[in-house]
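Architecture and fold: a report
Chain by chain, the residues run as shown.
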Amino acid sequence: MVGAGYWGPNLVRNAVASPRIDLRYVADTDLERAERLASPYAGVRATAILDELLSDPEVEAVAVATPASTHLQVALAALAAGRHVLVEKPLAATYDEGLQLVRAAEAAARVLMCDHTYCYTPAVGKIRELVHAGVLGDIQFLDSVRINLGLVRRDINVLWDLAPHDLSILDFVLPEGCRPLAVAAHGADPIGVGQDCIAYLSLQLPGGAIAHMHVNWLSPTKVRTTMVGGSKRTLVWDDLNPVQRVAVYDRGVDMADPDDIAPEERREAMVSYRSGDMVAPALPEREPLQVALEEFAGSVRENRSPLTDGRAGLRVLDVLEAANRSLMFHGSVVPLRGEGW
């Protein structure tokens with residue numbers, strides 16, 4: 001494991017608890033920090049030298065939890081040494097760097113996984129299941145809100161800080177053929193810190209559908225909600241409601257076939273409203289990072305692509321960079337590159 005900072009302790013704790021993972025090293029440029037993290041666990045060594053870890057033939061895979069600006073360097077070194085790699089989100093600091101990692105992993109026939117931890121929550125897993133099974137029908141809209149009075153950062157804007165969570169969820173739950181085509185973003189810095197503290201994204205989806213995201217560091221209240229509307233049902237996910245995280249509503253709008261309606265009645269009768277039951281599916285309680293690490297271990301053992309592979313991370317970077325360009329041009333619609341989609 002490389003990186004003993006903010007996310008490193010979470011990875012170490014879950015790796016040690018997993019029966020599928022045998023943690024051997026904690027590496028960090030700050031050796032004392034690596035030693036503090038490794039010392040409670042028997043058999044886990046601390047090092048400040050990446051090559052020491054990579055030269056050990058018993059090390060099959062590497063988890064990277066370093067700053068995004070170093071992901072390319074560290075992950076490329078691990079891939080070049082023949083190791084499978086798990087990278088903390090975002091996959092890289094830029095789209096081009098992410099593309100380098102994806103191509104290097106494919107050329108080396110090694111697993112590259114992006115740690116989109118939210119995708120491994122029971123709630124998001126259930127949303128993906130329902131969407132892919134067609135329970136909601138054709139997707140018409142997705143609306144998410146991720147706001148709180150949070151840590152205002154000067155190195156990145158609120159989009160790069162908070163939106164990767166919702167973009168990774170969007171990528172994870174949408175079925176094939178319903179990927180974003182373009183994005184428009186609006187942001188504001190009302191307190192003058194030099195970075196947008198509030199932002200809104202609108203993503204164009206095929207068939208006239210739309211996804212909308214609101215991220216905000218300045219809200220006095222914390223909100224974590226996502227709504228997925230389909231032609232049959234609408235799903236609401238409230239991540240802060242432990243009693244009822246996911247609810248599926250059989251309520252919405254039905255459109256009649258105009259050929260079945262007399263011409264004089266069409267305008268009034270085309271639209272009708274449906275009001276049915278609400279179902280709240282039972283969800284198991286598991287730590288998402290534990291599930292993510294088991295998915296990584298399983299993909300290595302079974303020689304398969306993980307659910308959130310390198311291309312999933314690349315797609316998120318595609319939207320983030322397009323959103324930044326849209327911000328520069330005051331909300332202009334920016335097409336996505338589409339490579340990896």
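Residues numbered from 1 in each chain as written. Predicted model: local features only at pLDDT ≥ 70, side-chain atom pairs only at ≥ 80, totals over all residues. Heavy atoms only, no water.

**Quick word on the layout of surface pockets**
Approximately 450 Å³ is the volume found for the second largest pocket. Lining the second largest pocket we find 22 residues, and of these Ile21, Asp22, Leu23, Glu60 and Ala61 sit closest to its centre. Elements with a contribution of two residues or more to the lining of the second largest pocket: helix H1 (8-17), strand E3 (61-64) and helix H9 (288-302). Take the lining of the second largest pocket: its biggest share by element is 5 residues, from H9. Residues of the lining of the second largest pocket, tallied by class, amount to 16 nonpolar, no polar and 6 charged. (1 Å grid on protein atoms, 1.4 Å probe; cavity = no way out; pocket = protein on both sides within 12 Å on 5 of 7 lines; lining within 4 Å. Points joined across faces, edges and corners; volume = space filled by probe spheres on them. Helix = DSSP H or I, 4+ residues; strand = E, 2+ residues; numbered from the N terminus. Nonpolar A, V, L, I, M, F, W, Y, C, P; charged D, E, K, R; others polar.)

**Quick word on the side chain of Ser219**
One can find Ser219 in strand E10 (residues 218-230). On the basis of relative accessibility, which here comes to 8%, the residue Ser219 falls in the buried class. At 2.6 Å, the side chain of Ser219 and the backbone oxygen of Thr221 are in polar contact. Among residues more than four places away in sequence, those in contact with Ser219 are Ile147, Asn148 and Leu149. (Buried < 20%, exposed > 50% of the residue type's maximum accessible area, 1.4 Å probe, protein only. Polar contact = N/O pair within 3.5 Å; in protein donor to acceptor, adjacent residues only side chain to side chain. Contact = heavy atoms within 4.5 Å.)

**A few points about the nonpolar core**
Within the largest apolar cluster, 97 residues are counted, with the highest numbers of intra-cluster contacts made by Met1, Leu11, Val26, Leu159, Leu201 and Leu203. Residue contributions to this core peak at 10 residues, all from helix H7 (residues 158-173). For Leu203, the residues in contact, after removing those within four places along its chain, are Leu167, Leu170, Pro180, Ala182, Val183, Ala209, Ile210, Ala211, Met213 and Val319. (Core = buried A, V, L, I, M, F, W, Y, C linked by side-chain atoms within 4.5 Å.)

**Here's the deal with the pairing of E10**
Relative to E10, strand E6 (residues 139-149) runs antiparallel, the two being bridged by 9 bridges. Along E10, the bridge assignment pairs Asp143 with Met227. In this structure, E10 lies alongside strand E11 (residues 234-238), joined through 5 bridges in antiparallel fashion. Note that in E11 the partner of Thr225 across the bridge is Asp238. The antiparallel hairpin formed by E10 and E11 contains 3 residues in its connecting segment. (Pairing = 2+ DSSP bridges.)

**Here's the deal with helix H5 (residues 95-108)**
Over its 14 residues, H5 runs 20 Å from end to end, which matches the ideal 20 Å to within 8%, given 1.5 Å per residue. Those residues of H5 not exposed but buried are Tyr95, Gly98, Leu99, Leu101, Val102 and Ala105. The arc enclosing the buried residues of H5, seen along the axis, measures out at 160°, which places them on a common side. Within H5, the exposed residues directed more than 90 degrees away from the buried face are Asp96 and Ala107. Those residues of H5 that are buried lie in contact with helix H4 (71-80), strand E5 (112-115) and helix H10 (310-328). Looking one or two places after H5, you find Ala109, whose phi comes out positive at around 55°. (Expected span 1.5 Å × (residues − 1). Arc of directions from axis to C-beta.)

**Looking at the pattern of salt bridges**
Applying the stated rule across the entire model yields 21 salt bridges. Linking Arg13 and Glu287 is a salt bridge whose minimum nitrogen-to-oxygen distance equals 3.0 Å. Taken together, the positions of Arg13 in helix H1 and Glu287 in the loop between strand E13 (271-279) and H9 put the pair 274 residues apart, joining distant regions of the chain. Classification of Glu287 by relative accessible area gives partly exposed; the value is 33%. For Arg146, the salt bridge goes to Asp166, with nearest N and O atoms at 2.8 Å. (Salt bridge = Lys/Arg side-chain N within 4 Å of Asp/Glu carboxyl O.)

**Here's the deal with the pairing of strand E9 (residues 210-216)**
Counting buried residues along E9, 5 of its 7 residues qualify, which places the element largely inside the surrounding structure. The pairing of E6 with E9 spans 7 bridges and is classified as parallel. If you follow Ser144 over to E9, its bridge partner there is Met213. The sheet contact formed by strand E8 (residues 198-204) and E9 spans 7 bridges and is antiparallel. Residue Leu201 lies in a different strand from E9, and its bridge partner there is Met213. Connecting E8 to the next strand, E9, in antiparallel fashion are 5 residues, including Gly207 with a positive phi near 75°.

**Digging into the packing of H4 against H5**
Across the interface, H4 lies against H5 with an axial gap of 10 Å and an inter-helix angle of 5°. Taken together, the axes of H4 and H5 are roughly parallel relative to one another. Contacts from His71, Leu72, Ala75, Leu76 and Leu79 in H4 reach Glu97, Gln100, Leu101, Ala104, Ala105 and Ala108 in H5. In the contact of H4 with H5, the residues fall into 8 nonpolar, 2 polar and 1 charged. (Axes fitted to C-alpha atoms, helices over the stretch in contact; angles between N-to-C directions. Parallel < 35°, antiparallel > 145°, perpendicular 65-115°, else oblique.)

**Topic: the packing of aromatic side chains**
Tallying each qualifying case throughout the model produces 3 aromatic pairs. Summarising the aromatic geometry, the rings of Tyr118 and Trp237 are spaced 6.4 Å apart at their centres and angled 65° between planes, so their arrangement reads as edge-to-face. Placement of the pair is Tyr118 in the loop between E5 and helix H6 (122-132) and Trp237 in strand E11, with a sequence separation of 119 residues. A residue is classified by how much of its surface remains accessible, and Trp237, at 2% relative accessible area, is buried. Taking the ring centre of Tyr95 as reference, the NZ or CZ of Arg337 above it sits at 4.0 Å. (Phe/Tyr/Trp six-rings, centres within 6.5 Å; stacked < 30°, edge-to-face > 60°. Lys NZ or Arg CZ within 6 Å of the ring centre and 35° of its normal.)

Take it as geometry only, folks, not as evidence of what the structure does.
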